[in-house]
Each structure stands twice: as structure tokens, then as C-alpha cells.
Amino acid sequence: MKTKAEKCSVMRVSAVMLILLVILAALCAVAVAVGSAGYCVPEILKQTFAEGTNPVKTIVLNLRLPRLLLAVLIGSSLSASGALLQSVMRNPLADPGTIGVSAGASTAASTILLVMPELTSSLPIFAFGGAALACMLIYTMAWKDGVDPTRIILSGVAINSVLSAYTSLLQ
């Protein structure tokens, strides 16, 4: 059975989530309406659901809405990954920059730009690979009869320092 304090906490979290969803919906409406060709929300709704093609429908459905959905998905993914990282590390200050993942990505990207500049179109793939290699190296360094969040953070800080120094040397 939930206590009164637990019920109050659940209600508070639910209210905050509802308020944040309303704010997100309002910002999405503004993001779809604002641009070089500015439209008001009622006009967008009217033209989007109208028969045939028109400039408003084309701009909203082909340009603004896909970008908006992608931005919302990426933002929610980044926030979820940050929350997971902080909860696994049991440290509210943990982020990819602290534990060396960002340094792995920037090191790989800088190396590719310097060594093989013709592969700049594949730079995100190499940066992801560098981040993944940094993660594996950090995890390997932190392993000693299991993984401890403190060892992961300390290993990550060490890897971050080494890779950042290498990237600075390349630049």
C-alpha cells in the first residue's frame, strides 16, 4: 500500500510531466509555424488537411514536420541516455565528456580529417567508432572482478586526458 507521501510524490511527478508535455506541444506548434515563410497555426491546419497540393502543405509536411519530429526524437534520446548514464554511474555529474566517450569521438574524427581527408563524408561513422572504442577501453580498464562506477569514472577521466592530449597534438 502506498503512503500519503508516495501518492503526493506520484501526483507531483504526473503534474510536472503533463505541464512539460503541454509546453512541448506549444513549442512544436511554434516551430512548425515560424520560418522564412511564416504561417499561423490555424492556416497551417486548414491548408494541411485541404485537398490537393499547396505551398503551405509542401513546406510543412516535407520540410518542417520531419525536422521537428527528428529534433524531438533526438532530444528525447539524448536525455534518456544522459539519465541512464547518470543512474548507472550513480553520479549526477556524469556525462560523455567526463568519462572519455566524447574524447574518443573527437580523436577519431581529427585523425580521419588529418590522415584521410577524402573520407570526410564518413566522418560521423568514424566518430561513432572512436566513441565505441573509447567505451570498450574504459570498460576494460575498469574491470576487476566486476565493474564499479567509481573505477569507470576514474578510467574515463584518464582516457579523456590521454585522448584530449592526442587530439590537441594533432591540431
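Our subject is the structure that appears above.
Our subject in this report is the structure included herewith. (Residues numbered from 1 in each chain as written. Predicted model: local features only at pLDDT ≥ 70, side-chain atom pairs only at ≥ 80, totals over all residues. Heavy atoms only, no water.)

1. A short note on the side chain of arginine 64
Next, step 1: Residue placement: arginine 64 occurs in helix α3 (residues 55-89).
Next, step 2: For arginine 64, which is buried and forms no salt bridge, the nearest opposite charge comes from glutamate 43, at a distance of 9.2 Å.
Next, step 3: In terms of polar contacts, arginine 64 uses its side chain to reach the backbone carbonyl oxygen of alanine 33, at 3.3 Å.
Next, step 4: Residue contacts for arginine 64: discarding those within four places in its chain leaves Ala31, Val32, Ala33, Val34, Gly35, Ser36, Ala37, Gly38, Tyr39 and Ile59. (Helix = DSSP H or I, 4+ residues; strand = E, 2+ residues; numbered from the N terminus. Buried < 20%, exposed > 50% of the residue type's maximum accessible area, 1.4 Å probe, protein only. Lys, Arg positive; Asp, Glu negative; His and termini not counted. Salt bridge = Lys/Arg side-chain N within 4 Å of Asp/Glu carboxyl O. Polar contact = N/O pair within 3.5 Å; in protein donor to acceptor, adjacent residues only side chain to side chain. Contact = heavy atoms within 4.5 Å.)

2. Here's the deal with the nonpolar core
Next, step 1: If you look at the biggest cluster of nonpolar residues, it comprises 19 residues, and the most contacted ones within it are Leu85, Met89, Ile99, Ile152 and Leu163.
Next, step 2: Of all the elements in the fold, those that place two or more residues in this core are α3, α4 (101-115), α5 (123-142) and α6 (149-170).
Next, step 3: When residues in this core are grouped by element, the largest group, six residues, is from α5.
Next, step 4: With residues near it in sequence (within four places) discarded, leucine 85 still touches Ala94, Asp95, Pro96 and Ile99. (Core = buried A, V, L, I, M, F, W, Y, C linked by side-chain atoms within 4.5 Å.)

3. Overview of the packing of α4 against α6
Next, step 1: Viewed as axis vectors pointing N to C, α4 and α6 meet at an angle of 25°, and their least axial separation amounts to 9 Å. Overall, the two elements α4 and α6 adopt an arrangement that is roughly parallel. Relative to α6, the crossing made by α4 is left-handed. Of the residues in α6, those touching α4 at Ala103, Gly104, Ser106, Thr107, Ser110, Thr111 and Leu114 are Asn160, Leu163, Ser164, Tyr166, Thr167 and Leu170. (Axes fitted to C-alpha atoms, helices over the stretch in contact; angles between N-to-C directions. Parallel < 35°, antiparallel > 145°, perpendicular 65-115°, else oblique. Left-handed = near helix turned anticlockwise from the far one by under 90°.)

4. A few points about α4
Next, step 1: With 15 residues, α4 should reach 21 Å at 1.5 Å per residue; the first-to-last C-alpha distance of 21 Å fits that figure.
Next, step 2: Every buried residue of α4 is accounted for by Val101, Ala103, Gly104, Ala105, Thr107, Ala108, Ala109, Ser110 and Ile112. (Expected span 1.5 Å × (residues − 1).)

5. A few points about the environment of alanine 37
Next, step 1: As for its position among the elements, alanine 37 is in the loop between α1 (4-33) and α2 (41-48).
Next, step 2: Sequence separation between alanine 37 and glycine 130 is 93 residues, and the spatial gap between their C-alpha atoms is 40 Å.
Next, step 3: Beyond its immediate sequence surroundings of up to four residues, alanine 37 is in contact with Ile59 and Arg64.

6. A look at the packing of aromatic side chains
Next, step 1: Under the counting rule described, the total for this entry stands at one aromatic pair.
Next, step 2: Measuring from ring centre to ring centre gives 6.1 Å for tyrosine 139 and tryptophan 143, while their planes differ by 40°; the resulting arrangement is tilted. (Phe/Tyr/Trp six-rings, centres within 6.5 Å; stacked < 30°, edge-to-face > 60°.)

7. Observations regarding the layout of surface pockets
Next, step 1: If you add up the space inside the largest pocket, you get close to 380 Å³.
Next, step 2: Leu85, Met89, Ile99, Val101 and Cys135 are, among the 14 residues lining the largest pocket, the residues nearest its centre.
Next, step 3: Elements represented by at least two residues in the lining of the largest pocket include exactly α3 and α5.
Next, step 4: Lining of the second largest pocket is provided by Cys28, Ala29, Val32, Val41, Ile44, Leu45, Thr48, Phe49, Val60, Leu61, Leu65 and Leu68.
Next, step 5: Looking at the lining of the second largest pocket, the elements that each hand over two or more residues are α1, α2 and α3.
Next, step 6: In the lining of the second largest pocket, the residues fall into eleven nonpolar, one polar and no charged. (1 Å grid on protein atoms, 1.4 Å probe; cavity = no way out; pocket = protein on both sides within 12 Å on 5 of 7 lines; lining within 4 Å. Points joined across faces, edges and corners; volume = space filled by probe spheres on them. Nonpolar A, V, L, I, M, F, W, Y, C, P; charged D, E, K, R; others polar.)

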